[in-house]
Every structure is written in C-alpha cells, then in structure tokens.
Amino acid sequence: MLLRDSRRTDPRKAPVLRKTQARASSTVRWVARFVALTGAIDVITALAPPGWHRLRLLTEVVPLAGVQTARAVTMAVGLLLIYLSAGLRRRTAEAWYLAVALACASVVLNVVKGLDLDAAAVSGVVLALLVTSRADYTARHHWTSRWRAALAFGGFAAAGLAIGVAEIGVRARALAPGQPWRLWFLQSAEGMAGVTGPLRFTRPAVADAVSVTTGVLGLLALGVPLVMLLKPRGRRPGHSGEDVERIAGLLATHGAQDSLGYFALRADKSMVWSPSGKAGVAYRVIWGVSLASGDPIGDPEAWPGAVDAWLADCRAHGWTPAVLGCGERAAHLYAKHGLDAIELGDEALVDVDSFALEGRPMRAVRQAVGRVERAGYTCEVARQRDLSPAALAEAGRAWGRLRDGEVERGFSMALSRVGDPADRDCVLVLARDAAGTLRGLLQFVPWGSDGLSLDVMRRDRASDNGLIEYMITNVLRQAPALGVRRLSLNFAVLRSVFARGGRIGAGPILRAWYHVLLLASRYWQLESLYRANAKYLPEWLPRFLCFPSLADIPRIGLVALRAEAFLTAPALLRRRPILPPALSAKAALSAEAALTAEAALTAEAALTAKTALSEACASEPARLP
C-alpha cells in the first residue's frame, strides 16, 4: 500500500501532493539521467569502429596515435559521467564541478576521436543543462574527503610512475639504443595520461605492454580519488549527555505516542532537533542514507519542525532520507514533506485487561503454559530498579549467553543492551527451571506510563518448548501490578500477505507474494514470527517504510539490513559498538558494582556456612567421624 499526504486516517484515499522537499527536484533527476545517458553514448561511440571517410579527414589534422588516445579517454570519460550521475542526484557540488569539466572534455574528445558531431552536440546540451541548474547543487562533502582524495591521487600517481619506470627498466633490452634514462619517467607519466610516450621500442609487444600497464595505473590514480571524493561521508553515531537528558524528558511527557520511542536511546543513533527543541528525529547514517526509525519523539505539534531540520541536514550533506518502521500518523507527516510510504508490516499490540487464556482460540498458548508449569519452571517479573545486583548481573550474562550467534541484531525495535542504570524502568522477565538455572530472558522497555514494548526475547535451546509463551503470559498476568495496560510484542513483516494470501478468493498477485514469502521464510523467520504473535489475538498496528522514490528502495533495503545487523562485516573488520559517554560510564560502573555485590554475597554466604559448621562441630562432636 502506497501512502501519500492526507489529513484523513485512510491513506488509500489520500490526495497526491507535490514532492519537493525530501526527494530531488525533477530538474536534478532529469539532469542526472541525461548525464548518465551522455556517458553511455560516449562509451558506445568509443567502442564502435570509426567511419573511414571521417577518419581520413581527421588524420590530416590529428595524428593517428592522438585519435586512438582520444577514443580511449572518451570511454573513460563516459564511465566517469555514469558514475557522477549518482552524485548529481544527491546534489553534491563536487559532482557538479567534475561533471562540467568532463562534459567539456567530452565535447572536444568526440570531435577528435572521429568527428562524432552528434555525440559532441549531446555533450554540449548536457553541459548547458548543468550550467543553468548550478543553484541546485549545494551539498558539500567534508573538507577531509577532499584532502583524502588529494592524498590518494598523489600516492597512486607516484606509485604508478614508479611502477611504470620499473617495468621499463625490466624491459630495457627492448629499447632502441641511444635514449637517455630520463625519458623513462616521461614515458611512464604520459602513459598514465593515455598519451604515447617518447621512447622507441624494438618490439611492438613490449611497447603495448608498457602502455597497458601505465594506462591502468593512470585510471587507478584518477578513479580511486574520485570515488573517495564523491563517497557520501557518514556521521559518527552517538548521543551527547544533553541529548540523553532531552530524550528522557520528552519520553516522560510524550512517550505514549509511539511504542518504539524508547529505542531512540540506542547508542548507535544520533538526534536532530526541531528549532523549539520539543521534538526530534533519531537516525543513523549508513552508506549515504540517513535512516530514521519510528516516529519523531516529543510533542506532535513540533514534529514538522524536527522533520524539516532532519531533511535540511540530509540536503546539506547529500544524504538520502529514509524512515524505517514509523506509524501511520508519522507516515502522513513524512508524506507532506515529500516522501512516499509503503506498508512494511504490523506490530502486535495486546490489551492487558482483555487478555485471558480461556477459550478455544487460546488453546495452544494455554497448553504450552501448562506444560512448562508442570515441568517446575518459575518466572520472576520485575522492574530493573527492583532487581538485586546479583540478579541483574545474571541477566546480563544470560543476555550474551543465550544470543543466537555472535552479532547483536536490531536497530529500529531493539535497545541492544541489558542492565544499564539509565534503563531502570525496563521490565525484566527471568524464567528458571526446577534446578534454578536461568533458561529464558525477556526485556521490555517503557512505552509511556502504562505500556511496555518488547525488546529482548531469548531462551535456552535446551529448555522446554513453550517457555516464551509462559514468560509472556506471566508478564500479562502481573502487568496490572506494574501499572501496565498495554503490551507491544514483535513486529511481523508483511503480515497482511500471510493473513490473506492463503485464503480462498485471494488474487493471483497476493498469492504470488504469499508463496514468495513462504520461500523466504525458510531462511528468515517471517511466517513463524507472524504465527508466534497471532496466537495472542493482538491488535495489529501498521508500520511503514518511507523513501524519496522507488529507485532508492534497493539501496535503502540494503542499508536497513545493515542497520539491523543482518548484513555484517567480517569478524576481523568488525568494530566494537560505540557507546555514548553518558551511558558507557554508567554501564561500566553498573557492571563493576554488580560484580562487586555478587562477590560480596558469595563471600558472605561462605562465611555463614563456615560459622554454621563450626557451631555444629562444637555442639555435637560425637557425630563427627
């Protein structure tokens, strides 16, 4: 379902408004397309054989070697123009300058390489379009990107020059006699520029090999710095101490607006605030995409100012804006600011007052809970602030021990930490077997003053089947004592497809989607996650993915997978997660205090046992062996 701007609640009836703020303007998009088309024309015409009559006329003015060099350089210029089109679409000033220079070169090269006046005219038109639309390209990269690109160019150029000279030295026997060695440097430098050098070789094969080597090195010296210059620079994630305090204050007053609001406190998110400071957008920059998650936090009246500030930040840095998992109200707001939206799935909400295990629809949950209770399991449900340091330390160890794999997943709907003192209002659910071993762990984050949102859900693989149902049921049973009236469970991706795709009367497109998702469920827990939520008979709240245009969806999808840690770097290249100082220091103190308290409890228990044994020995010595 595609969502567009409307004040009404039904997005399917929403009118289409102009998209001018979040997505690139039509002029920018069309200029980028024309630049890419011009690059493709340059590549094709450089590969196509030249007309003999034109070549004969041209060689009367330009040497044949110059014509061949122009054809090779034209192909390189075409490829660079295709690459630059992405930077132009992001409105970067550096891409505009380079595109103008390459368009000028394309006009000249198309004439020199074979009197291709048609291709030269196309390049001239694109050059005129770039010049007339100069005001649209205002995004600039950080100055460090320019210095890195300059250093990379110098390094690759020096390395290419040295390698070229070394190859000429290795093949010195093929050189014609009487040529000074200083010409070796000139040959290498001109070869990197695609020009035939002054050296003469006795064997043409050696001359061709040197030309190929120096030409490739020249392309590397030009291409690598260009990629570094145009690569969108990210932003180091993390909150300042002031951000943490401001987020906490807004969650205290407006936290009931969104069940995902508390996850704005994740250590790998940054904040951009409205001018009034009453609302903000939590986001993370990955691969040139500024990925926001959930609804803006704070006063809904100030949401438009926060979204304006976030989009202005994206435009200033050339980032693509995207929103993952926002609610319907926020999706309408993002649509007003130029983003399209598509329904991503549904969040399961359970009303505590109406929940009960009775009835045939709850039979599976009731049987699972009874089976676990008969096995002797016990369950402790408490706020983090009410747990002892030893229990909190045990929960922290179980959080890591029960994790499936080495990577902690989550971004939009996970906090990725357990036991931080800043999360004192979080609810922990600890399930132990008959022997007292911790077998299951749930963590819920606050959702306003009367709600909880599921964060962590883990169980020991050796535990009895039905442990998760047992823990969730215990939370719902004890929720009134905690002042909780609503519970947010897992998110089900494309739930409506699973719910309706297998029914009689489903259309062919819906059935096709259903079977595709069933196939994908063999590798990802899509259907099983939906079924696990549906057994509690929840209310389903739709969540949306917002994006500038359909062409951006593949890249945004990859960025979302990267943010949620489904795409990860190799273990050797993986960085440790960055914690903001306001949280990391407290976490370190908490861990140290928990370990100290646990050690003190252990020592106290040992001393008590030793004292009891001494008293027993003194009172009944005859019983000792």
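Residues numbered from 1 in each chain as written. Predicted model: local features only at pLDDT ≥ 70, side-chain atom pairs only at ≥ 80, totals over all residues. Heavy atoms only, no water.

What about empty space enclosed by the protein?
Test applied: Here a cavity denotes a set of grid points, spaced 1 Å apart and computed over the protein atoms alone, in which a 1.4 Å probe fits but from which it cannot get out, and a pocket denotes an open set meeting protein on both sides within 12 Å along at least five of seven lines; residues with an atom within 4 Å of a point are reported as lining. Grid points are joined across faces, edges and corners, and a volume is the space filled by probe spheres set on the points. Comment: elements are numbered from the N terminus, with helices defined as DSSP H or I runs of at least four residues and strands as E runs of at least two. Residue classes follow a fixed rule: Ala, Val, Leu, Ile, Met, Phe, Trp, Tyr, Cys and Pro count as nonpolar, while Asp, Glu, Lys and Arg count as charged, and any other residue, Gly among them, counts as polar.
What the rule picks out here adds up to 2 cavities of 30 Å³ or more. Of the voids in this model, the largest cavity is the one considered here, and its volume is about 50 Å³. Residue lining of the largest cavity: Leu-250, Leu-251, His-254, Gly-255, Gln-257, Asp-258, Gly-261, Pro-296, Ile-297 and Gly-298, and that is the complete set. Secondary structure elements with two or more residues in the lining of the largest cavity: helix 9 (241-254) and strand 5 (297-298). When residues of the lining of the largest cavity are assigned to their parent elements, the largest contribution, 3 residues, is made by helix 9. Residue classes in the lining of the largest cavity are distributed as 4 nonpolar, 5 polar and 1 charged.

Regarding the pattern of salt bridges
Using the following cut-off: When a carboxyl oxygen of Asp or Glu lies within 4 Å of a side-chain nitrogen of Lys or Arg, that pair is called a salt bridge. With a 1.4 Å probe rolled over the protein chains alone, any residue whose accessible area is under 20% of its type maximum counts as buried; one over 50% counts as exposed, and the rest are partly exposed.
All chains considered together, the criterion is met by 19 salt bridges. The closest approach of N and O atoms between Arg-477 and Glu-373, which form a salt bridge, is 3.2 Å. Taken together, the positions of Arg-477 in helix 14 (residues 467-482) and Glu-373 in helix 12 (residues 363-374) put the pair 104 residues apart, joining distant regions of the chain. Of the residues examined, Arg-477 reaches a relative accessible area of 44% and is grouped as partly exposed. One salt bridge in this structure joins Arg-417 and Asp-423, with 2.8 Å as the shortest N-O distance. The residues Arg-417 and Asp-423 share a single accessibility class, namely buried. Salt bridges linked by common partners bring Arg-401, Asp-433, Arg-439 and Asp-460 together as one network.

A word on the confidence of the model for the protein chain
To keep it simple, the criterion reads: pLDDT: the predictor's confidence for each residue, scored from 0 to 100. Any two residues having at least one pair of non-hydrogen atoms within 4.5 Å are treated as being in contact.
Here the protein chain shows a mean pLDDT of 78. Residues at 70 or above account for 82%. Per-element confidence in the protein chain is highest for helix 11 (residues 328-336), whose mean pLDDT is 93, and lowest for helix 19 (residues 581-619), whose mean pLDDT is 38. Low pLDDT (under 50) marks residues 1-21, which in the prediction has 52 contacts with non-local residues, meaning those over four places away or in another chain. Low pLDDT, under 50, characterises residues 576-625; the predicted model gives this stretch 29 contacts beyond four residues in sequence or across chains.

Re the packing of helix 1 (residues 26-47) against helix 5 (residues 117-132)
Worth spelling out the cut-off: The angle between two axes is taken between their N-to-C directions and runs from 0 to 180 degrees, where each axis is a line fitted to C-alpha atoms and a helix contributes only its stretch in contact. Any angle that falls under 35 degrees is termed roughly parallel, while one over 145 is termed roughly antiparallel, one within 65 to 115 roughly perpendicular, and all others oblique. When the near helix sits turned anticlockwise from the far one by under a right angle, the crossing is termed left-handed; a clockwise turn instead gives a right-handed crossing.
Interhelical geometry of helix 1 versus helix 5 gives an angle of 155° and a closest axis separation of 10 Å. Between helix 1 and helix 5, the angle falls in the class roughly antiparallel. When the axes of helix 1 and helix 5 are compared, the crossing they make is left-handed. Side by side, helix 1 and helix 5 meet where Val-31, Phe-34, Val-35, Thr-38, Ile-41, Asp-42 and Thr-45 of the first sit next to Ala-119, Val-122, Ser-123, Val-126, Leu-129 and Leu-130 of the second. Taken together, the residues of the contact of helix 1 with helix 5 sort by class into 9 nonpolar, 3 polar and 1 charged.

Here's the deal with the packing of aromatic side chains
Under the convention used in this document: Within 6.5 Å between ring centres, the rings of Phe, Tyr and Trp (the latter by its six-membered ring) count as paired, and their orientation is classed by plane angle as stacked under 30 degrees, edge-to-face over 60, tilted in between. Charge-over-ring contacts are defined here by two conditions on Lys NZ or Arg CZ: a distance within 6 Å of the ring centre and an angle within 35 degrees of the ring normal.
Across all of its chains, the model carries 3 aromatic pairs by this definition. Measuring from centroid to centroid gives 5.2 Å for Trp-96 and Tyr-97, while their planes differ by 75°, and the two rings are edge-to-face. A centroid spacing of 5.9 Å and a plane angle of 75° characterise the contact between Trp-310 and Tyr-334, whose relative ring orientation is edge-to-face. Pair noted here: Trp-310 is in helix 10 (residues 303-317) and Tyr-334 is in helix 11, with a separation of 24 residues, a long-range link. There is no split in this pair, since Trp-310 and Tyr-334 are both buried. Between the NZ or CZ atom of Lys-269 and the centre of the ring of Phe-411, over which it lies, the distance is 4.8 Å. In this structure, Arg-403 packs its charged tip against the face of Trp-399, placed 5.9 Å from the ring centre.

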